[in-house]
Each structure stands twice: as structure tokens, then as C-alpha cells.
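# Inside the fold
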Amino acid sequence: MPEMAEVQRGLQDVVALESRICFIDGRQGRLIYQGYDIRDLAARSTFEEVAYLLWYGRLPTATQLEDLHRRFGELRTLPDELGQRIDQMPVGAHPMDILRTAVSALALFEPEETKPGASSIGGAQRLTAVLPSILGQFHRRRSRLPPLKPRPELSQAAYLLYALVDREPTELESRALDVALILHADHELNASTFAARVTASTLSDLYSAVTSAVGTLKGPLHGGANERVMELLDEIGQVDRTEEVVKAKLVRHERIMGFGHRVYKVEDPRATILREWSRKLGEAKGDLRSYELLRALEAVVHQEKGLYPNVDLYSGSIYSLLGVPRDLFTPIFAASRVAGWTAHVLEEYQDLRLIRPTAKYVGAVDLPYVPVSQRG
Ligand code: CMC
């Protein structure tokens, strides 16, 4: 067999394509969306501005932003048939499974969007507007909350909170979620975005690409980590048990969720910002329990493994303080990342090349074929 190049397991350090959307400086701990530092965006912008930035490559004017707010409000309503189908889905299902199935089913009721070449920023806006509605439709039924209304006057963050907890969020609460949505909106070629781009690179449609991405985000090594972090806090229970619990896990070679990253060699800048929000919201609500446990966890994991926190460490504590059930943490990640997924898919269509790597074959060759009747 011909000699093959060395395998880059997990495609680590492989530069697969050029992109203008997002830059991660893993050594300096910097994250840039379309030229803007995430710290500026988290301090000064909104999720709507960031979604616009990712899709159009520039920040919106006041009129463009107002138009986008209006579009999101108009695009929140689910097709009746989809609402009915979500109502028939098992209430015990994980909301990420509901989301994956519902995004795929949405395409059946919006066939124009799935025709080859039809994918556009309009489709990106529709998917971004509608994800909170899918989650609200499912969660409200299983929790016996009143039916969802489109509430066009609400920002995406406030609408998502209304959809999931059925109350008017305070300004601080909706800002906390808005910042979390900004921080999760894109992250270069992470696994789910790569999955979306692979799908798009076959000239498949936007809805198929986002369906692939939702399925990929679900895994605990990617978006599913935030839910697991809160389970770990339950296991630890109190600050003085942190060291014992972490050491026992490391002896069993278990991963500590919310730590480590393929690209960041220093602290993930999103974790730095979310840590502050976890404290701020905890103080406002008079509940710093999760924050204090997470601080203790950070110290022990750094001492034992030299690992830094990633975006998933503090997000769950913020969502818990907002009253969101745990199995909706990863879906919130999806409701934000959909802006990045769709921006990448649209970029992929602009500079399309089928993504198709090769494998190093390590199996047998030239085996003699034995007819089935003679196999023992
Ligand atoms: N806990 C314990 N050990 C870890 C962890 C962790 N969280 N992360 C990395 N390591 C160790 C790993 O065991 C390995 O050690 P050794 O060389 O002794 O076998 C070494 O660090 C390198 O690990 P790796 O798996 O080769 O590194 P990677 O670049 O593939 O891992 C990662 C990246 C995110 C999969 C990993 O850090 C991890 O599993 N973290 C926990 C899950 C998590 O928090 N995921 C969210 C990631 S950020 C948001 C997102 O993208 O969704």
C-alpha cells in the first residue's frame, strides 16, 4: 500500500478552510467575531447586534437593528403542523432530541427554504428566531405552563426566558442571558459548526446543516458539558468536599466537565466574563452557593491538572439562577450558536469545496473470499 501522511487524530491543528467570521487566539485567550473583541461585544452589544455582525460582517445601524428586532418577532411563530407534532413528542425526551427532530421537521413545512441554492440570511433569521419557540412549545407542555405567545416586543434573550420560565425577566436577568447568548454565538470550527459546514459543503440546505449541528452539539464533550457541571456541583455538595471528589474522579481517569479546551491554552475569555455574571446574579439573588462551589472547583482542578475553565463551567450556574431547568442548558447554547452555524453555512456556500478528508487504512488487504456455506 502507498505510504500515507501521519494521522492528525481529531483533526487537531489541521487548518481546514479560510473564514472571516471568528478568530480564536488560544495562547492569548482572545476571541474575535468579525474583527470585534468578545469583551467589547459582551460589555456593550446585544445578541441581535452580534447575530447581524456574524451574518453581514458589520455591526448594524440603528435602523438595521430595529428591522432585525421586527423580523425576529415576525419569525417566531411555529407552523401549526409543527406545533402539533411537538405536542405529540414524548414529554420524557431530552430537549436536545426534540430540538434536533423539530428543526428537521420544520424543513418539511418550509420546503422553499430547502431547495438547492435557496439558503439565505432569511433562512438564518428564521432558524434563529424559531429555536426558542420550539423549546418553549415543548417545555411549556411538559411543565403545564400556559401556551406560548410570540411576544414581538421582547428581545431574543427576554423571549427565550419568557418561553422557558413563563415570567417577565428583570433587566438584570435578561442582560445576563443576553451576555451568555453573545458569548456562545460562535467559536470558529468547533465540532458542531464543522458538522454544519460539512453538510453544507455537499450543497445540502441550511436546515439540514443545522440539524447536523444540533446533533453534534448535544455530546458531553461539546455543548452537553454545562448540564454535567451542575451534576458535579450536586455531587460535591459543599466547598470542603471539592478536593476529595475531584481527586477521586481523576484517579478513575474521569474528565472534569467545564475544564480544558482544544484551542485555549490559557483561560477561555468567555469563562472570565461568565464568572463575573455568575457572581453578579448570585449576589442580586442572595444565592452565591454555585458560584462559591465553582470557585473552589476551579482552584482544585488547576492545582491537580493545570486545567483552565471553559465556557461551560459558569453558564449552568447562571441559567440555574434564572430558574431554567438543567436539561435546557444545552438547548440555550444551541439557541445562540445557531447564529454562528448559519453564518458559517452561508460562508461555506460562498467558497464551496466538498469537505472530504482521507483516512489512513489500518485494516487487512487481499483476504481470500470464502463462500458463506464454507465459513465456520
Ligand atoms: N478533565 C480531566 N482531564 C482532562 C480534561 C478534563 N476536563 N480535559 C483534558 N484533560 C486531559 C486529558 O485526560 C488528557 O490527559 P492525558 O494526556 O494524561 O491523557 C489531556 O488533558 C489532553 O486531553 P485531550 O482530550 O487530548 O484534549 P482535547 O483537546 O481533545 O480536549 C476537551 C478538549 C474539551 C474535549 C477536553 O478538555 C474535555 O473533555 N473537557 C471536558 C468536557 C468539556 O468541558 N467540554 C466543553 C468544551 S468547551 C465548549 C464547547 O466546545 O462545547
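Notes on the structure in this doc start here. (Residues numbered from 1 in each chain as written. Predicted model: local features only at pLDDT ≥ 70, side-chain atom pairs only at ≥ 80, totals over all residues. Heavy atoms only, no water.)

### Looking at the overall build of the chain
A tally of helices and strands in the chain yields 16 helices and 3 strands. Its C-alpha atoms put the chain at 70 × 55 × 45 Å along the principal axes. When burial is assessed residue by residue, the chain has 50% of its 376 residues classed as buried. Taking contacts inside the chain between residues at least 6 apart in sequence as the whole, the part at least 24 apart equals 75%. When the accessible surface of the chain is totalled, it reaches about 18,200 Å², and 51% of it is carbon and sulfur. Averaged over its 46 positive side-chain charges, the chain has a centre that lies 2 Å from the centre of its 50 negative ones. (Helix = DSSP H or I, 4+ residues; strand = E, 2+ residues; numbered from the N terminus. Buried < 20%, exposed > 50% of the residue type's maximum accessible area, 1.4 Å probe, protein only. Contact = heavy atoms within 4.5 Å. Areas by Shrake-Rupley, 256 points an atom, 1.4 Å probe, with all protein chains shown as cover. Lys, Arg positive; Asp, Glu negative; His and termini not counted. Charge placed at Lys NZ, Arg CZ, Asp CG, Glu CD.)

### A short note on the sheet that holds strand β3 (residues 36-37)
Sheet strands associate in pairs through backbone hydrogen bonding, adopting either a parallel or an antiparallel arrangement. Ordered in space as β1-β2-β3, the 3 strands form an open sheet in which the pairing is antiparallel. Of all strands in the sheet, those with a lone pairing partner are β1 (22-25) and β3, marking the two edges. Where β1 meets strand β2 (residues 30-33), 4 bridges bridge the pair, whose relative direction is antiparallel. Each residue of the ladder has a partner; that of I24, found in β2, is L31. (Pairing = 2+ DSSP bridges.)

### What to know about the site of the ligand
Taken together, 19 residues surround the ligand, and among them H222, R255, I256, G258 and R262 come closest. Within the backbone of L221, one N or O atom sits 3.1 Å away from a nitrogen atom of the ligand. Taken by itself the ligand offers 930 Å² of open surface, and the protein chains cover 67% of this. (Near = heavy atom within 4 Å. Polar contact = N/O pair within 3.5 Å; in protein donor to acceptor, adjacent residues only side chain to side chain.)

### Describing the side chain of N310
Relative to the elements of secondary structure, N310 occurs in the loop between α14 (289-305) and α15 (312-321). The residues contacting N310, other than those within four sequence positions of it, are G258, F259, G260, H261, D268 and A271.

### Details of unusual backbone geometry
A positive phi angle, near 45 degrees, is found at R151, a position not held by glycine. Among the secondary structure elements, R151 is positioned in the loop between α6 (121-142) and α7 (156-165). With a phi close to 60 degrees, D366 is a non-glycine residue in the positive phi region. Here D366 shows up in the segment after α16 (329-350).

### Regarding the nonpolar core
Counting 103 residues, the largest nonpolar core has Y33, I86, I134, L177, L297 and V324 as the members making the most contacts within it. Per-element accounting of this core gives the leading share, 11 residues, to α16. Two domains each provide a minimum of three residues to this core, namely domain 1 (18-219 + 326-350) and domain 2 (225-321). Discounting chain neighbours no more than four positions away, the residues touching L297 are L232, L233, I236, T242, V246, I256, F259 and L313. (Core = buried A, V, L, I, M, F, W, Y, C linked by side-chain atoms within 4.5 Å. Domains from an automatic or database assignment.)

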